[in-house]
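Summary of the model geometry
For reference, the chains in residue letters:
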Amino acid sequence: MNPDGDAMAADVIPGCGGAGSSLSDLLAGSLAGVAVVLVGQPLDTVKTKLQTFRGLYSGPAHCLAHTYRKSGLRGLYAGSSPAMVAGVAENSVLFACYGLCQRAVAAVTGARDAKQMDALSNAVAGCAASVFSSVVLCPAELVKIKLQAGRELAESRGQRFQGSVYRVIKDIVRHHGLGGLFRGLEMTVAREMPSYFCFFGVYEAVREALKPAGRTRADCGLLATTVAGAAGGVLLWTVTFPVDVVKSRIQLDDAMPTRGWTMCMLRMYRNEGVVALYSGLAPTLVRCVPSSAVLFLVYEYTKKLFDT
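Residues numbered from 1 in each chain as written. Predicted model: local features only at pLDDT ≥ 70, side-chain atom pairs only at ≥ 80, totals over all residues. Heavy atoms only, no water.

This is how it is decided: UniProt positions are given in the numbering used here, feature names are shortened, and annotations may be inferred rather than shown by experiment.
Going by what an unreviewed UniProt entry lists, the protein is known as Mitochondrial ornithine transporter 1 and is assigned to Macrosiphum euphorbiae. The record in UniProt for the protein states the following under Subcellular location (unreviewed entry): "Mitochondrion membrane". Regarding the protein, the relevant UniProt record gives this comment under Sequence similarities (unreviewed entry): "Belongs to the mitochondrial carrier (TC 2.A.29) family."

Put into structure tokens, the structure is as follows:
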């Protein structure tokens, strides 16, 4: 690896180095997924509870404190196993496919390679890659949500919640077949495509703006990479959060229909107001700053290590 030249760009930008680069994208993305769950899972649990049971808690702090008092750290990290699977699966597939999509977009636009692509081209590549990651993300996220907010759902119906990954998957398959594991896939894709268009577009645009004079985006240091990842994460969630709220409610409660989810969103707006569509946004934005920063830091520097 050449720390002073273009070879470094090929090491850290997904998709610049052929099959070997795709493998390092996959491995680096997997480790990045693990890091994100470890950093952000407690606030993700709070987000899910606020999305699905608006009004039960007065706010994020109340939800966090109540969950900790009721179930301890185990409650805050509820759903960590499927979240870890989701994080590893999503980010490994996302970054591997992002590299492949970058090469495809570069071929269409006439760019020599990914490091010559502008922010818009990278955004298109990220949008396309998210379709593939949605397929592996949906089942794991479904199980995670049922574990995170299943206790509140059971208590609201006078039932006792006895949740585990095995029990949740068994119940889904018994009642809905294997296809039941993909409940909410359409909404997942509808969330992920615009999310990652914004995410990768902003990430690359910020790195372009913060790169050292006369150098490439790959030469951005720790601070610039952190800022770029955090900025991308904030925009990602702000743009698509209403879709995520509806998806969480539908994935948690099997009684809600999956067809016509846009009408479900409209009913929420009419009955509960626009605030309901952004329930849980505050802890999400707090979480996404360190999580997005850690995602790209672990990804970029792990990839450098693999490609050395």
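**Examining the UniProt feature "repeat: Solcar" (unreviewed entry) in the protein**
Going by this rule: Secondary structure elements follow DSSP: runs of H or I no shorter than four residues count as helices, runs of E no shorter than two count as strands, and numbering proceeds from the N terminus.
Following the UniProt record, one finds the feature "repeat: Solcar" (unreviewed entry) at residues 20–104, 117–209 and 220–305. End-to-end, the C-alpha atoms of residues 220–305 are 16 Å apart, and along that stretch the chain is 79% helix and 0% strand.

**A closer look at helix H6 (residues 165–176)**
Note the following rule: Working rule for helices: expected span equals 1.5 Å times residues minus one.
Spanning twelve residues, H6 covers 16 Å between terminal C-alpha atoms, matching the ideal 16 Å at 1.5 Å per step. Positive phi appears at Gly177, one or two residues downstream of H6, with a value of about 75°.

**Some words on the environment of Tyr166**
Take Tyr166: it is sitting in helix H6. Considered as a pair, Tyr166 and Leu236 are 70 residues apart in the sequence and their alpha carbons are 31 Å apart.

**Topic: the nonpolar core**
Short version of the rule: The term nonpolar core refers to a set of buried residues drawn from Ala, Val, Leu, Ile, Met, Phe, Trp, Tyr and Cys, joined through side-chain atoms within 4.5 Å. Relative accessibility under 20% of the residue-type maximum defines a buried residue, over 50% an exposed one, and the middle range a partly exposed one, all with a 1.4 Å probe and only protein chains included. For this analysis, residues touch if any pair of their heavy atoms sits within 4.5 Å.
Phe95, Phe200, Val246, Trp261, Leu295 and Phe296 are the most contacted members of the largest nonpolar core, which has 40 residues in total. Those elements that provide at least two residues to this core are helix H2 (18–52), helix H4 (80–109), helix H5 (119–156), helix H7 (185–210), helix H8 (222–252), helix H9 (261–272) and helix H10 (281–307). Broken down by element, this core gets its largest block of residues, eight residues, from H8. Filtering out sequence-adjacent residues up to four positions away, Leu295 remains in contact with Ala32, Val36, Asn91, Phe95 and Phe199.

**Focus on the side chain of Ser279**
Spelled out, the test is: Identification of polar contacts relies on pairs of N or O atoms within 3.5 Å, with a donor-acceptor requirement for protein atoms, meaning one able to donate a hydrogen and the other able to accept it, and with residues adjacent in sequence counted only if both atoms are side-chain atoms.
Position of Ser279 among the secondary structure elements: in the loop between H9 and H10. With relative accessibility at 7%, the residue Ser279 sits in the buried group. In this structure the side chain of Ser279 is engaged in a polar contact, spanning 3.1 Å, whose partner is the backbone oxygen of Ala276. Beyond its immediate chain neighbours, meaning those up to four positions away, Ser279 contacts Leu50, Gln51, Arg54, Phe241 and Val245.

**What about the packing of aromatic side chains?**
Stated precisely, the cut-off is as follows: Between 30 and 60 degrees the pair is tilted, below 30 it is stacked and above 60 it is edge-to-face, where a pair is any two Phe, Tyr or Trp rings, Trp via its six-membered ring, whose centres lie within 6.5 Å.
Under the counting rule described, the total for this entry stands at six aromatic pairs. Residues Phe199 and Phe200 carry aromatic rings whose centres are separated by 5.7 Å and whose planes lie at 55° to one another, so their mutual orientation is tilted. Overall, the relative accessible area of 2% leaves Phe199 in the buried class. Judged by relative accessible area, Phe200 falls into the buried class, the value being 0%.

**Observations regarding the packing of H4 against H5**
Here is the rule: To obtain each axis, a line is fitted to C-alpha atoms, and for helices this fit is confined to the stretch in contact; angles are then taken between N-to-C directions over 0 to 180 degrees. Any angle between 65 and 115 degrees counts as roughly perpendicular, while under 35 counts as roughly parallel, over 145 as roughly antiparallel, and the rest as oblique. For a crossing to be left-handed, the near helix must be turned anticlockwise from the far one by less than a right angle; the clockwise case is right-handed. Gly is placed with the polar residues, together with every amino acid not listed as nonpolar (Ala, Val, Leu, Ile, Met, Phe, Trp, Tyr, Cys and Pro) or charged (Asp, Glu, Lys and Arg).
Look at H4 against H5: their axes get within 6 Å of each other, and the N-to-C directions meet at 165°. Accordingly, the angle class assigned to the pair H4 and H5 is roughly antiparallel. As H4 runs across H5, the sense of the crossing is right-handed. Of the residues belonging to the contact of H4 with H5, the class tally is 21 nonpolar, seven polar and three charged.

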